[in-house]
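Remarks on the overall topology
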Amino acid sequence: MKRDQFLLTLLCAGVCSFTALADNAPARKTISRDDTPYQVKTFSGNINAVRAETSGGSLTVEGGTDRNAKVEMYVRANNWNDKLDKEEIEERLKDYDITITQEGSTIVAMAKRRGNGMNWKRSLSISFTFYTPRAVSTDLRTSGGSIHLTELSGRQRFRTSGGSLHLEQVNGDINGQTSGGSIHLDRCTTKDQMDLQTSGGSIEAKSSSGNMRLHTSGGSIRLTDLKGDIDAQTSGGSVQGNDITGDIKAGTSGGSVRLADISGSVDASTSAGSVEVSIVKLGSYVRLSTSVGSIRVKMPLDKGMDLNLSGNRVNIPSSLAKFDGDIEKDRVRGRLNGGGIAVNISASNGSVYVNQ
């Protein structure tokens with residue numbers, strides 16, 4: 001009894017300590033339209049690229065303007081809680097090399113700290129917002145903020161170590177990474193490839209088209225209204241998708257997979273969860289597997305298929321027309337309607353349900 005009371009007290013102390021740390025942690029936020037920029041520069045001419053780098057702030061590029069371009073620089077204390085006056089900002093900026101210029105058809109904005117021995121209490125969060133024509137490519141780097149891209153077309157390359165990625169109405173060759181944030185993709189298209197990765201956040205992609213590679217090591221994935229071949233992988237969350245036209249590969253090591261209204265080939269797997277898939281139009285194959293959990297699939301059964309189903313128990317419709325093969329309690333193997341589409345479903349420690 002005393003041991004249980006001691007453990008309960010220790011647990012409560014840990015929770016209270018964690019809460020205190022969370023309450024005292026610096027609040028992070030992004031630049032809003034109500035904020036006043038510290039500096040503004042305008043550029044004219046044929047602008048078709050943006051290159052930017054900052055160590056402690058966000059980067060935003062909004063396309064859709066005329067041929068001219070504008071850059072806004074925002075400066076805050078790095079913890080966002082300290083309110084700095086203009087004199088203090090100017091004093092701290094002496095520790096930085098700031099560049100906002102035009103090199104040919106490229107807008108360049110850089111904010112770099114001088115040396116490695118600067119007092120972190122004097123560090124700043126320096127963010128840039130670009131207003132550009134739509135046909136603009138980007139090369140963006142930040143180690144401490146989010147990246148926002150809106151209404152752009154072209155080659156997009158961007159990296160952040162401590163923020164989220166937001167893309168809206170972006171067309172082109174897209175490649176982005178973050179080590180500590182989520183990814184949001186909305187109304188984006190590509191004829192090349194979308195490659196987006198995060199090591200510590202969730203991924204949401206909707207109303208977009210093109211071949212997509214969406215990977216996260218520590219969050220869930222949600223897919224809605226997509227057209228194209230999709231590779232969606234996570235090591236620590238669930239995968240959900242609906243209204244997808246194209247081949248999809250969805251995998252997780254620590255959650256469930258639920259896909260609905262799929263038109264195309266499906267490869268879905270999990271090591272620790274259930275799999276639920278509904279297919280409205282079959283592609284060239286169906287591959288579903290789980291190590292611990294059940295599998296439920298609904299799909300048309302009027303096509304030629306090569307069935308290979310296994311689980312603790314395999315449940316299929318009681319009457320399969322034109323089936324040639326073996327039906328056992330834990331396995332179904334054979335040709336349906338003469339054979340054709342490869343259908344492989346395996347539940348190592350669970351049941352399989354087909355159209356049930």
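Just so we're clear, the structure is a prediction, and the values are computed from it rather than from any experiment.

1. Re the overall build of the protein
Secondary structure summary: the protein contains two helices and 29 strands in total. Relative to its full complement of 356 residues, the protein shows a buried share of 43%. Summed over its atoms, the accessible surface of the protein is roughly 17400 Å², and 45% of this surface lies on carbon and sulfur atoms.

2. Remarks on the packing of aromatic side chains
Under the criterion given, the structure shown has one aromatic pair. Here Phe128 and Phe130 contribute two aromatic rings whose centre-to-centre distance is 6.3 Å and whose plane-to-plane angle is 40°, an arrangement assigned as tilted. Residue classification places Phe128 among the buried positions, given a relative accessible area of 0%. Owing to a relative accessible area of 0%, Phe130 belongs among the buried residues under this scheme. Lying across the ring of Tyr131, Lys70 places its NZ or CZ 5.1 Å from the centre. For the cation-ring pair, Arg287 lies above Tyr285, with the distance from its terminal atom to the ring centre recorded as 4.0 Å.

3. Focus on the pattern of salt bridges
Within the structure shown, the criterion is met by 16 salt bridges. Note that Glu72 is salt-bridged to Lys70, the shortest N-O span being 3.5 Å. Across the salt bridge formed by Arg187 and Asp186, the nearest N and O atoms sit 3.4 Å from each other. According to the relative accessible area criterion, Asp186 is buried, its value standing at 16%. Within this structure, Glu168, Asp186 and Arg187 form a network of salt bridges that share partners.

4. Re the pairing of strand E14 (residues 194–198)
The buried count for E14 comes to four of five residues, which makes it a mostly enclosed element. Relative to E14, strand E12 (residues 174–178) runs parallel, the two being bridged by five bridges. Bridge pairing in E14 links Gly176 to Leu196. As judged from the five bridges shared by E14 and strand E16 (residues 212–216), these two strands associate in the parallel manner. Across the sheet, Gln197 pairs through a bridge with His215, a residue of E16.

5. Considerations on the pairing of strand E23 (residues 295–298)
The side chains of a regular strand alternate between the sheet's two faces. The side-chain alternation of E23 yields one buried face, formed by Ile295 and Val297, and one unburied face, formed by Arg296 and Lys298. Sheet analysis places strand E22 (residues 275–290) next to E23, joined by four bridges and oriented parallel. Across the sheet, the residue bridging to Glu276 is Arg296, located in E23.

6. What about the environment of Ile183?
With respect to the helices and strands, Ile183 occurs in strand E13 (residues 183–186). Taking relative accessible area as the criterion, Ile183 reaches 0% and is therefore assigned buried. Along the backbone, Ile183 and Ala205 are 22 residues apart, and their C-alpha atoms lie at a distance of 8.1 Å. Apart from residues lying up to four places away in sequence, Ile183 is in contact with Leu165, Thr178, Leu196, Gln197, Thr198, Ser202, Ile203 and Glu204.

7. A short note on unusual backbone geometry
With a phi close to 50°, Ser207 is a non-glycine residue in the positive phi region. Judged by relative accessible area, which is 34%, Ser207 ranks as partly exposed. Of note in the backbone geometry, Asn337 takes a positive phi value of approximately 55° without being a glycine. Residue placement: Asn337 occurs in the loop between strand E27 (331–336) and strand E28 (341–347).

8. Side note on the confidence of the model for the protein
With 88% of its residues at a pLDDT of at least 70, the protein reaches an overall mean of 88. Under a pLDDT of 50 for its full length, residues 1–29 has, in the predicted model, ten contacts with residues more than four places off or in other chains.

9. Describing the side chain of Asp186
As for its position among the elements, Asp186 is in strand E13. If sequence neighbours within four positions are ignored, Asp186 has contacts with Leu167, Glu168, Gln169, Lys206, Ser207 and Ser208.

10. A look at the side chain of Thr178
You can see Thr178 is positioned in strand E12. For Thr178, a relative accessible area of 3% puts it in the buried group. Within the local environment of Thr178, its side chain forms a polar contact with the backbone nitrogen of Gly180, the two atoms lying 3.2 Å apart. Engagement of the side chain of Thr178 in a polar contact is seen with the backbone nitrogen of Gly181, the distance being 3.4 Å.

11. Considering the environment of Ser274
Turning to its location among the elements, Ser274 is positioned in the loop between strand E21 (257–270) and E22. By relative accessible area, Ser274 is classed as buried at 18%. A C-alpha to C-alpha distance of 4.6 Å links Ser274 and Gly293, two positions 19 residues apart in sequence. Ser274 has contacts with Ser256, Val257, Arg258 and Ser294, leaving out every residue within four places of it along the chain. At 3.3 Å, the side chain of Ser274 and the side chain of Arg258 are in polar contact.

Rules and cut-offs
- Residues numbered from 1 in each chain as written.
- Predicted model: local features only at pLDDT ≥ 70, side-chain atom pairs only at ≥ 80, totals over all residues.
- Heavy atoms only, no water.
- Helix = DSSP H or I, 4+ residues; strand = E, 2+ residues; numbered from the N terminus.
- Buried < 20%, exposed > 50% of the residue type's maximum accessible area, 1.4 Å probe, protein only.
- Areas by Shrake-Rupley, 256 points an atom, 1.4 Å probe, with all protein chains shown as cover.
- Phe/Tyr/Trp six-rings, centres within 6.5 Å; stacked < 30°, edge-to-face > 60°.
- Lys NZ or Arg CZ within 6 Å of the ring centre and 35° of its normal.
- Salt bridge = Lys/Arg side-chain N within 4 Å of Asp/Glu carboxyl O.
- Pairing = 2+ DSSP bridges.
- Contact = heavy atoms within 4.5 Å.
- pLDDT = per-residue confidence, 0-100.
- Polar contact = N/O pair within 3.5 Å; in protein donor to acceptor, adjacent residues only side chain to side chain.

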